[in-house]
Amino acid sequence: MNFGFDLDLLKTFTAVVDCSGFTKAAERVRLTQSTVSQQIKKLEVNLGTSLLRRDKSTGTVETTEAGELLLSYARRLLAMAEEAAEVMRRPLAPRTVRLGVPEDFAGRRLIDLLSGFSAASPHIRLDTVSGWSTELRRLLDAGEIDLALIKREPGDGACLASWKEELIWVESATRSVETDPVPLAVFPVGCIYRDRAIRAIERGGRRWRIAYTSQGLMGVQAAVASGLGISLLPSEAVLTEHRQLRPTDGFDDQPASEMALVKGRASLSTEAQSVGQFLADSLGSNCHDAGA
């Protein structure tokens, strides 16, 4: 006996059972009635047992006990085969888009933003790297990332989309600090907020010192809240533990900076374009340039 299962024979067998006869089954599987009969006979020979019995009075067929047992396995085998075929028809792996994001944008804010995209586009995998704008630009130029959200001066080059960022001077809401020299709680060298703060203080003819440096936004926020220093932050990063400093406090209002979505030299893949469009739509773009 040959117990190997031919899926075509099993498909014909289940069709005969479902249609209660050879004629309709032949139409379903698109074979001649004689071919259907030959396939059922071959299956019975392979298994060494009768699978179907004919009711001569009605012309229909029904399963034997062995046929009934085989039917349950046949349906499962055919379903698994169809599932395997469907999986193999799909791309073997999701296409990866490499996205660079600012240090102060990484974390929960980024996860909340991209979770919606991932749910809607499971065929695209997002690999993110965080860094300061100078580093992200380098990675773009080197082709190591496809897209980047960078902080910059408004209009500083082509972009796919851009968003204004209102900048606000802040200190602790409960602990005022001495401002001669001005103690600054800042991000590392290369951050536009740090550069803006230092230049603004120097233009006013005042002295400054670096009181605290942190790679992450939470560190700078906490330093300001605890009274370690003064900082220049985007408005959405200001906490209730912070107090806004105004011109009457000796800190002039600063013009807005810009967060821009930029790409490298290479053309963007279809998947990268989808990510870029999602970011532009989600963040609310006001600039379109440098197409894909």
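Refer to the structure presented above.
Residues numbered from 1 in each chain as written. Predicted model: local features only at pLDDT ≥ 70, side-chain atom pairs only at ≥ 80, totals over all residues. Heavy atoms only, no water.

K.L.:
Where do I start with the packing of helix α1 (residues 7-19) against helix α3 (residues 33-47) in this structure?
P.N.:
If you want to describe how two helices pack, look at the angle between their axes and the distance between the axes. Contact geometry of α1 with α3 gives a least axis separation of 9 Å together with a crossing angle of 115 degrees. Classified by the angle between their axes, α1 and α3 sit roughly perpendicular to one another. As α1 runs across α3, the sense of the crossing is left-handed. Along its contact with α1, which presents D8, L9, L10, T12, F13 and V16, the element α3 presents V36, Q39, I40, K42, L43 and N46. Classifying every residue of the contact of α1 with α3 gives seven nonpolar, three polar and two charged. (Axes fitted to C-alpha atoms, helices over the stretch in contact; angles between N-to-C directions. Helix = DSSP H or I, 4+ residues; strand = E, 2+ residues; numbered from the N terminus. Parallel < 35°, antiparallel > 145°, perpendicular 65-115°, else oblique. Left-handed = near helix turned anticlockwise from the far one by under 90°. Contact = heavy atoms within 4.5 Å. Nonpolar A, V, L, I, M, F, W, Y, C, P; charged D, E, K, R; others polar.)

K.L.:
Just to check I follow, could you spell out the pairing of strand β7 (residues 167-172) for this structure?
P.N.:
For β7, the tally of buried residues reaches six of six residues, placing the bulk of the element in the interior. Two elements, β7 and strand β10 (residues 231-234), share four bridges in a ladder whose sense is antiparallel. Bridge assignment links W169 to a residue of β10, and that residue is L232. When β7 meets strand β11 (residues 242-244), the two strands line up antiparallel, connected through three bridges. By the bridge assignment for β11, S172 is matched with H242. (Buried < 20%, exposed > 50% of the residue type's maximum accessible area, 1.4 Å probe, protein only. Pairing = 2+ DSSP bridges.)

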